[in-house]
Amino acid sequence: FVIHKCVAVRHAQTAARMGADFISMDGFDCGGHPGEEDVGNWVLLAQAAQELKIPFVASGGAATGTQLAAALAMGAEGLNMGTRFMATVEAPIHQNIKEALVK
């Protein structure tokens with residue numbers, strides 16, 4: 001099973017043609033953003049839902065249940081969250097950083 005990380009729908013379409021099974025659509029608000037497209041996740045998801053033939057998850061700019069609901073409503077299969085989990089008890093990160101994230 002191949003999941004490919006893409007910052008543009010045209011990259012996702014190429015990945016699908018090359019055999020990717022699933023796409024992580026990474027908008028500009030995704031931490032560790034890998035691309036140069038500067039398109040926000042909510043704009044990117046709308047385009048992905050219209051143009052992709054394979055499933056995708058929304059990556060970046062989401063950390064709440066309402067944002068999950070919005071991503072699902074826009075055609076995503078779910079969310080890929082990173083920063084949100086940095087504030088968990090299990091994350092080996094300094095408590096001051098965790099507190100700054102949730103303020």
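(A) Main features of a nonpolar patch on the surface. A surface patch of nonpolar side chains, about 260 Å² in accessible area, is lined by Ile97, Leu101 and Val102. Counting through the fold element by element, Leu101 comes out in helix 4 (residues 95–102). On the basis of relative accessibility, which here comes to 36%, the residue Leu101 falls in the partly exposed class.

(B) Inspection of the environment of Thr88 at higher detail. Relative to the elements of secondary structure, Thr88 occurs in the loop between strand 4 (79–80) and helix 4. Through-space distance from the C-alpha of Thr88 to that of Lys98 is 7.7 Å; in sequence the pair is 10 residues apart. Separated by 2.9 Å, the side chain of Thr88 and the backbone oxygen of Phe85 make a polar contact.

(C) Quick peek at the sheet that holds strand 3 (residues 56–59). The strand order across the open sheet formed by 4 strands is 1-2-3-4, and the pairing between neighbours is parallel. Both outer strands of the open sheet, strand 1 (3–6) and strand 4, are each paired with one neighbouring strand and no more. As defined by bridge partners, strand 1 adjoins strand 2 (residues 22–26) across 4 bridges and the pair is classed as parallel. Bridging from a neighbouring strand, Cys6 pairs with Met25 of strand 2.

(D) Summary view of the packing of aromatic side chains. On inspection of all chains with the given rule, the structure shows 1 aromatic pair. Centroid distance Phe1 to Phe22: 6.1 Å. Interplanar angle 45°. Geometry classified as tilted. Within this pair, whereas Phe1 is found in the segment before strand 1, its partner Phe22 is found in strand 2, the two being separated by 21 residues in sequence. Take Phe1: its relative accessible area is 76%, and that puts it in the exposed class. Residue classification places Phe22 among the buried residues on the basis of a relative accessible area of 15%.

(E) Molecular detail of the layout of surface pockets. Of the volumes computed, that of the largest pocket is approximately 180 Å³. If you trace the largest pocket, you find 13 residues lining it, with Gly31, Gly60, Gly61, Gly82 and Thr83 closest to the centre. The residue inventory of the lining of the largest pocket, partitioned by class, reads 4 nonpolar, 7 polar and 2 charged.

What counts, and at which threshold
- Throughout this description, residue numbers start from 1 for each chain and increase along the sequence as written.
- With pLDDT at 70 or above as the cut-off, local features in this predicted model cover only qualifying residues; side-chain atom pairs require 80 or more to be listed or tallied, and sums for whole chains, interfaces and linings still use all residues.
- Values reported for side chains reflect all heavy atoms of the structure, with hydrogen atoms and water molecules removed beforehand.
- Within the patch definition used here, like charges are joined within 9 Å and nonpolar side chains (Val, Leu, Ile, Met, Phe, Trp, Tyr) within 5 Å, considering only residues with over 30% relative accessible area and no salt bridge.
- Values of accessible area rely on a 1.4 Å probe in the Shrake-Rupley scheme; residue burial ignores everything except the protein chains shown.
- The term salt bridge refers to a side-chain nitrogen of Lys or Arg lying within 4 Å of a carboxyl oxygen of Asp or Glu.
- Secondary structure follows DSSP: runs of H or I at least 4 residues long count as helices, runs of E at least 2 residues long count as strands, and numbering of each begins at the N terminus.
- Whether a residue is buried, partly exposed or exposed follows from its accessible area with a 1.4 Å probe, protein chains only, as a fraction of its type maximum: under 20%, in between, or over 50%, in that order.
- Polar contact is the term for a pair of N or O atoms within 3.5 Å; when the atoms are in protein, one must be able to donate a hydrogen and the other to accept it, and sequence-neighboring residues count only if both atoms are side-chain atoms.
- One requirement defines pairing of two strands: DSSP has to find at least two bridges between them.
- Under the pairing criterion, centres of Phe, Tyr and Trp rings, with the six-membered ring standing for Trp, must be within 6.5 Å; the plane angle then separates stacked pairs below 30 degrees from edge-to-face pairs above 60, leaving the rest tilted.
- Here a cavity is any set of points on a 1 Å grid over the protein atoms alone where a 1.4 Å probe fits but cannot get out, and a pocket is any open set with protein on both sides within 12 Å along at least 5 of 7 lines; a residue lines the site when it has an atom within 4 Å of a point.
- Grid points are joined across faces, edges and corners, and a volume is the space filled by probe spheres set on the points.
- As a working rule, the residues Ala, Val, Leu, Ile, Met, Phe, Trp, Tyr, Cys and Pro are called nonpolar, Asp, Glu, Lys and Arg charged, and the rest polar, with Gly in that last group.

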